[in-house]
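Inside the fold
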Amino acid sequence: LKDEVHKQTGVPASYQRLVAKQKKMEDDSLVLGPSIIDESSNEEHVGIGLETRTKILLLHSPRYAQDKGGIETLTNLNKEIDKIDEGRRSREMEDKVVQELIIQICCKIDCVETNGSDALRKMRKQTIQKAEKVAQKSAEANKRGVDP
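To start, this report covers the structure provided alongside it. (Residues numbered from 1 in each chain as written. Predicted model: local features only at pLDDT ≥ 70, side-chain atom pairs only at ≥ 80, totals over all residues. Heavy atoms only, no water.)

1. What about the side chain of Thr114?
Defined as follows: A run of H or I in DSSP becomes a helix once it reaches four residues, and a run of E becomes a strand once it reaches two; helices and strands are each numbered from the N terminus. Throughout, exposure labels follow a simple rule: accessible area from a 1.4 Å probe, protein chains only, divided by the maximum for the residue type, with under 20% read as buried, over 50% as exposed, and the rest as partly exposed. By the convention used here, residues are in contact when the closest approach between their heavy atoms is within 4.5 Å.
With respect to the helices, strands and loops of the structure, Thr114 is situated in the loop between α3 (95-110) and α4 (118-144). A relative accessible area of 12% places Thr114 in the buried class. When residues no more than four places from it in sequence are discounted, the contact partners of Thr114 are Asp67, Leu120, Arg121 and Arg124.

Structure, rendered in structure tokens:
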């Protein structure tokens, strides 16, 4: 549910506080409907009893306002990485250009202040890993001299 809310609102799951029927939905393992028992493993999955058309309230965590600038910056940098990767795949960009653009993006990522936020630090790390993966694929294609 939190992933779907993230897609719709842009608020990362770690910053979401979802409330329904005066119950805070902190545990991601909860089932939205009634409790069910998995017959194959004999495990009970606790449900919070939400019915169809139940309203769910989205509250930002207090850290969201503090981290919002960094979240927006990282989101934009992720989009730039996607564009570079698409250019690399379609061979519109040479591998040297891809490498240089990725280096520039990594410098921009390093400029994002986390202010002690673990969630923002994790997002920053994922963005760096994504950029490194694109750079690595570009370098491998350049060594082989083959289309990606």
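Having seen the structure, we can now continue with the description.
2. Focus: helix α2 (residues 62-89)
Our working rule: Here the expected length of a helix is defined as 1.5 Å per residue gap, with one fewer gap than residues. Fitting axes to the seven residues ending at a residue and to the seven starting there, one defines the bend at that residue as the angle between these axes.
In this model α2 runs 40 Å from its N-terminal to its C-terminal C-alpha over 28 residues, within 8% of the 40 Å that 1.5 Å per residue would give. Where α2 bends most, the angle comes to about 60 degrees, and this point is Lys68. Looking only at α2, the buried set comprises Tyr64, Asp67, Gly70, Ile71, Leu74, Leu77, Ile81, Ile84, Asp85, Gly87 and Arg88.

3. Focus: the nonpolar core
One broad trend across soluble globular proteins is that nonpolar side chains are buried collectively. The condition that has to hold: Buried Ala, Val, Leu, Ile, Met, Phe, Trp, Tyr and Cys residues that are joined via side-chain atoms within 4.5 Å together make up what is termed a nonpolar core.
Tyr15, Leu74 and Ile102 are the most contacted members of the largest nonpolar core, which has 19 residues in total. Elements supplying a minimum of two residues to this core: α2, α3 and α4. Non-local contacts of Leu74, meaning those with residues more than four positions away in its chain, are made with Ile109, Val112, Leu120, Met123, Arg124 and Thr127.

4. Quick notes on the pattern of salt bridges
Pairing between side chains of opposite charge can happen when their charged atoms approach one another. Convention followed: The term salt bridge refers to a side-chain nitrogen of Lys or Arg lying within 4 Å of a carboxyl oxygen of Asp or Glu.
In the structure shown here, the tally under the stated rule is 6 salt bridges. Ionic pairing is found between Arg89 and Asp85, a salt bridge with its closest N-O pair at 3.2 Å. With Arg89 and Asp85 both in helix α2 and 4 residues apart, the pair spans about one turn of that helix. In this structure, the salt-bridge partner of Arg91 is Asp95, at a minimum N-O distance of 3.8 Å. The exposure class of Asp95 is buried, given its relative accessible area of 9%. Overlapping salt bridges, with partners in common, bring together Asp85, Arg88 and Arg89 in one network.

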